[in-house]
Amino acid sequence: MYDIIIIGAGTAGLTAAIYASRSGKKVLVLETLAAGGQIVNTNKIDNYPGLFHVSGYDYSMKLLHQAEDLGAEIKYEKAVDLIEGNPLKIKTLKNKYNTKACILALGVVNRKLNLDGEERLIGKGISYCATCDGALFRDKEVAVNGGGNTALDDALYLSDLASKVYLIHRRSEFRGNIETVNKLKNKKNVEFILDSNVTKLIGEEKLEGIEVTNNDGSKKEIPVSALFVAIGQIPENNNILDIIDTDERGYIIAKDDALHTNIEHVYVAGDIREKGLRQLVTAASDGAIAATTAIRELNK
Ligand code: NAP
């Protein structure tokens with residue numbers, strides 16, 4: 001029997017683990033892949049108060065060790081079901097656990113383009129992580145798709161490696177930071193292709209090019225060795241969410257500022273929550289709030 005099981009070892013989940021462990025609770029964190037969440041793949045963190053020019057990986061490892069040092073147990077098991085009750089029951093692909101409280105910090109997964117060949121070409125030119133795979137395309141021509149901060153940061157990172165970077169976005173204005181857009185404008189090897197979508201992937205064994213369609217209907221083919229897809233994230237499709245209230249896009253709805261969900265003793269934190277700003281700082285804040293609410297209610 002655990003006091004609190006936290007599902008997801010990203011910033012929200014590990015922050016919750018730090019708060020819950022420090023208050024003396026028996027804490028288990030369940031993680032499917034690697035600790036750290038989305039930020040692991042970020043080259044440099046520049047906008048977290050007190051952290052400047054720290055790599056996402058270094059930050060994640062510090063957070064993980066901090067949670068472990070304070071007593072949180074981490075298990076790499078995919079949680080697949082949550083059953084209401086007192087105690088709550090959580091099933092993973094390997095085990096079943098009982099817990100008095102649960103914090104859902106599942107995070108999000110990368111949105112796919114849903115084009116023919118996308119799955120087949122993953123690792124053969126299609127990538128969702130520029131900092132992981134960018135070095136494989138040194139001195140090659142590559143493309144980035146998306147208009148948010150991930151796409152902008154990816155394009156900037158790749159511009160120092162690749163011979164040419166095409167940045168393709170479906171609108172004429174970027175969603176991401178204007179400062180990064182201005183840096184990209186000053187890069188001689190970056191070309192913006194706006195009001196356009198990637199509509200076809202060319203290549204059988206490996207990516208050889210992409211078809212780009214302008215919003216006016218005109219099409220062109222661009223030979224590239226890699227396409228970095230950075231078109232946002234979506235909540236993971238998980239049975240756990242079957243009993244949890246979500247919005248129409250699948251993000252968990254917090255009932256109040258204390259981060260309760262619709263199920264008693266189940267709380268939500270981080271990017272999986274329906275909210276306006278998804279950043280490290282808001283993930284950490286959610287983790288602290290959800291854990292503090294859970295601790296207060298367990299201590300009653
Ligand atoms: P995002 O902000 O949701 O941006 C996704 C981008 O992809 C948008 O420009 C969107 O276009 C485009 N898009 C969505 N679906 C598409 C589709 N089917 N086809 C083509 N384009 C599509 O996602 P993100 O850039 O990954 O960022 C996620 C969160 O992390 C954001 O809150 C972001 O600020 C934060 N983040 C921050 C930093 C930083 O502060 N340095 C770095 C990375 C991420 P529209 O604009 O037209 O909707």
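Computed from a prediction, not measured in an experiment: that's the story for all the values here. Here, residues in each chain are numbered from 1, in the same order as that chain's written sequence. Residues qualify for local features only when their pLDDT is at least 70, as the model is predicted, and side-chain atom pairs are given and counted only at 80 or more; totals for whole chains, interfaces and linings, by contrast, use all residues. Heavy atoms throughout the structure, all of them, feed into the side-chain values; hydrogens and water do not.

Asker: Describe the side chain of S196, listing the residues and the values that go with them.
Answerer: Only DSSP runs of H or I reaching four residues or more are called helices, and only runs of E reaching two or more are called strands; each is numbered from the N terminus. Its place among the elements puts S196 in strand β12 (residues 196-202). Here a residue-residue contact requires only that any non-hydrogen atoms of the pair lie within 4.5 Å. When residues no more than four places from it in sequence are discounted, the contact partners of S196 are I168, H169, R170, V212, T213, N214 and N215.

Asker: Give me the lowdown on the state of the cysteines, citing residues and values where you can.
Answerer: In this description, a disulfide is simply a cysteine sulfur pair whose atoms lie within 2.5 Å. Per the counting criterion, the structure on display carries one disulfide. The disulfide bridge from C129 ends at C132, spanning 2.0 Å between sulfur atoms. With the S-S bond torsion at 75°, the cross-link from C129 to C132 turns out right-handed. Residue C132 is classed as partly exposed on the basis of its relative accessible area of 42%. Only protein chains enter the calculation, and the probe is 1.4 Å; a residue is then buried if its accessible area is under 20% of its type maximum, exposed if over 50%, and partly exposed in between.

Asker: Provide a residue-level description of the nonpolar core, including the pertinent values.
Answerer: Grouped burial of nonpolar side chains is what soluble globular proteins tend to show. Within this scheme, the nonpolar core is defined by two criteria: the residues are buried Ala, Val, Leu, Ile, Met, Phe, Trp, Tyr or Cys, and they are joined through side-chain atoms within 4.5 Å. Judged by nonpolar contacts, the single largest core of 55 residues is most densely connected at I6, I7, I103 and L104. The next biggest cluster of nonpolar side chains, apart from the first, holds 19 residues, and it includes V144, A151, A155 and F228.

Asker: Could you give an account of the packing of aromatic side chains, with specific residues and numbers?
Answerer: Side-chain rings of Phe, Tyr and Trp (the six-membered ring for Trp) are treated as a pair once their centres are within 6.5 Å; stacked means planes under 30 degrees apart, edge-to-face means over 60, and tilted covers the remaining angles. This model, assessed by the stated rule, comprises four aromatic pairs. Centre to centre, the rings of F137 and F228 are 6.0 Å apart; their planes meet at 85°, and the pair counts as edge-to-face. Of this pair, F137 sits in the loop between α3 (130-133) and β9 (141-145) while F228 sits in strand β15 (residues 226-229), and the two are 91 residues apart along the sequence. The criterion for a charge sitting over a ring is simple: Lys NZ or Arg CZ within 6 Å of the ring centre, and within 35 degrees of the ring normal. Here the basic side chain of K26 rests over the ring of Y2, its NZ or CZ set 4.5 Å away from the ring centre. Cation over ring: R278 sits above Y251, and NZ or CZ is 4.1 Å from the ring centre.

Asker: How would you sum up the environment of R296? Please name residues and give values.
Answerer: Note on placement: R296 falls in helix α6 (residues 280-298). Given a relative accessible area of 47%, R296 falls into the partly exposed group. For R296 and S23, which are 273 residues apart along the polypeptide, the C-alpha to C-alpha distance reads 10.0 Å.

Asker: Residues and numbers for the pattern of salt bridges, please.
Answerer: What makes a salt bridge here is a side-chain nitrogen of Lys or Arg within 4 Å of a carboxyl oxygen of Asp or Glu, nothing more. Following the criterion strictly, the structure yields eleven salt bridges and no others. Close ionic contact of E73 with K75 constitutes a salt bridge, the shortest N to O distance being 3.7 Å. Take E73: its relative accessible area is 32%, and that puts it in the partly exposed class. With relative accessibility at 23%, the residue K75 sits in the partly exposed group. Between K164 and E191 there is a salt bridge; the shortest N-O distance is 2.8 Å.

Asker: Got a sec to walk through the sheet that holds strand β14 (residues 219-222)? Specific residues and values, please.
Answerer: Taken in spatial order, the three strands of this open sheet run β12-β13-β14, and their pairing is antiparallel. Edge positions in the open sheet fall to β12 and β14, since each of these has one partner strand only. Within this sheet the neighbouring strands show an average axis-to-axis angle of 25°, counted without direction. Examined bridge by bridge, strand β13 (residues 209-214) and β14 share four bridges and lie antiparallel to one another. Among the inter-strand pairings, I210 is bridged to a residue of β14, identified as I222. Being paired, for any two strands, means DSSP has found at least two bridges between them. As a rule, the C-alpha atoms of each element are fitted with a line to give its axis, helices using only the stretch in contact, and angles between N-to-C directions run from 0 to 180 degrees.

Asker: Please set out the sheet that holds strand β11 (residues 190-193) residue by residue, giving values where relevant.
Answerer: A sheet is described by the order of its strands in space; here five strands give the open sequence β8-β15-β9-β10-β11, paired in parallel fashion. Edge positions in the sheet fall to β8 (126-127) and β11, since each has one partner strand and no second. One ladder, built from five bridges, connects β9 with strand β10 (residues 164-168); its direction is parallel. Across the sheet, V144 pairs through a bridge with L167, a residue of β10.

Asker: If you had to explain the packing of helix α4 (residues 149-159) against helix α5 (residues 178-185) to someone new, which residues and values would you point to?
Answerer: In contact at an axis separation of 10 Å, α4 and α5 are set at 30° when each is read in the N-to-C sense. In terms of orientation, α4 lies roughly parallel with respect to α5. Considering how the two elements wind past one another, α4 and α5 form a crossing that is left-handed. Note on element contacts: α5 touches α4 through T180, V181, K183 and L184, opposite L152, D153, A155 and L156. Residue composition of the contact of α4 with α5, grouped by class: five nonpolar, one polar and two charged. Oblique is the label for every angle not falling under 35 degrees (roughly parallel), over 145 degrees (roughly antiparallel), or within 65 to 115 degrees (roughly perpendicular). Left-handed describes a crossing in which the near helix is turned anticlockwise from the far one by less than a right angle; the clockwise case is right-handed. In this classification, Asp, Glu, Lys and Arg are treated as charged, Ala, Val, Leu, Ile, Met, Phe, Trp, Tyr, Cys and Pro as nonpolar, and every other residue, Gly included, as polar.

The values reported here are purely geometric and, on their own, carry no functional implication.
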